[in-house]
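Listed below, chain by chain, are the residues.
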Amino acid sequence: MAAASQLKASDKQNICRKLVTVLKKRYKGSVPKTSRPTLETILFAACLEDVSAAAAVDRFERLTEEFHDLNEIRVSSISELSQIFVGLPEPERRAMRIRNTLQYVFEKHFEFDFEAIRRKTFDAADRQLGKIKGLSPFIRSFSLQAALGSHVVPVDQTM
């Protein structure tokens, strides 16, 4: 670690640029850019963790198509929700995170509108996301990056 502190800023920048180039070649592509509302971004992040972007988009679409609305998802059982995620790692945990998120937002605001978080500072938004039971660091980071434009890197176990 002592060697890193002796590098000039331009050297660190060159190392990062090379690292990003190598990662882009190896992992090809990125998560599609979308302009989802904040709550949907959090739900999508729960679908995305430890799977490909294509699989996450597919499961998110299935989730929104197979259930009438967000309130139906909120009151569904974990076993019902986990059927959407069969074939992905930890389907029950994904289902629980989605349900916990919807329950938190509904109990706090009595509606499924979470856009007020966009007007908060990074620290305040991170604290509020931290109050949602069971959210992983990946989901929090992805949500902060996608919804708030924060400079965080969401890293899951696969990465």
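Here the structure is shown first, and the text comes after it.
Residues numbered from 1 in each chain as written. Predicted model: local features only at pLDDT ≥ 70, side-chain atom pairs only at ≥ 80, totals over all residues. Heavy atoms only, no water.

## So, the overall build of the chain
Along its length, the chain carries 9 helices and 0 strands. Across the chain, helices and strands are ordered from the amino to the carboxyl terminus as α-α-α-α-α-α-α-α-α. Over its C-alpha atoms, taken along the principal directions, the chain stretches across nearly 55 × 35 × 25 Å. Out of the 159 residues in the chain, the part that is buried amounts to 36%. Excluding contacts between residues fewer than 6 apart, the proportion of contacts in the chain whose partners are at least 24 apart in sequence is 53%. Entry remark: accessible area of the chain is about 10000 Å², with carbon and sulfur atoms responsible for 54%. (Helix = DSSP H or I, 4+ residues; strand = E, 2+ residues; numbered from the N terminus. Buried < 20%, exposed > 50% of the residue type's maximum accessible area, 1.4 Å probe, protein only. Contact = heavy atoms within 4.5 Å. Areas by Shrake-Rupley, 256 points an atom, 1.4 Å probe, with all protein chains shown as cover.)

## Brief notes about helix α7 (residues 91-109)
Every α-helix winds through 3.6 residues per turn, so residues three or four apart in the chain are directed the same way. Its 19 residues give α7 an end-to-end C-alpha distance of 27 Å, which sits within 8% of 27 Å, the value for a rise of 1.5 Å per residue. Taken residue by residue, α7 has P91, R94, A95, R97, I98, N100, T101, L102, Y104 and V105 as its buried positions. Looking one or two residues beyond α7, the residue adopting positive phi is F110, at roughly 55°. (Expected span 1.5 Å × (residues − 1).)

## Looking at the pattern of salt bridges
Scanning the model with the defined rule gives 6 salt bridges in all. Note that E66 is salt-bridged to R62, the shortest N-O span being 3.3 Å. In this pair, E66 and R62 are both assigned in helix α4 (residues 53-66), 4 residues apart and thus about one turn of the helix distant. For R62, a relative accessible area of 26% gives the class partly exposed. Between R140 and D126 there is a salt bridge, and its shortest N-O distance comes to 3.0 Å. Note that R140 is positioned in helix α9 (residues 137-148) and D126 in helix α8 (residues 122-130), a separation of 14 residues in sequence. For D126, a relative accessible area of 22% gives the class partly exposed. (Salt bridge = Lys/Arg side-chain N within 4 Å of Asp/Glu carboxyl O.)

## Re a positive patch on the surface
On the surface, K108, R119, K120, R127 and K131 cluster together into a patch of positive charge. In this fold, K131 is placed in the loop between α8 and α9. (Patch = residues over 30% accessible without salt bridge, like charges linked within 9 Å, V, L, I, M, F, W, Y side chains within 5 Å. Lys, Arg positive; Asp, Glu negative; His and termini not counted. Charge placed at Lys NZ, Arg CZ, Asp CG, Glu CD.)

## Section: the nonpolar core
Counting residues in hydrophobic clusters, the biggest one holds 35 residues, and the most contacted among them are L48, L63, I73, I98, F114, L129 and I139. Counting residues per element, the ones that place at least two in this core are α3 (38-48), α4, α7, α8 and α9. No other element matches α3, which puts 8 residues into this core. Those residues in contact with F114, other than ones at most four positions away along the chain, are T38, L39, I42, Y104, V105, H109, Q128, L129 and I132. (Core = buried A, V, L, I, M, F, W, Y, C linked by side-chain atoms within 4.5 Å.)

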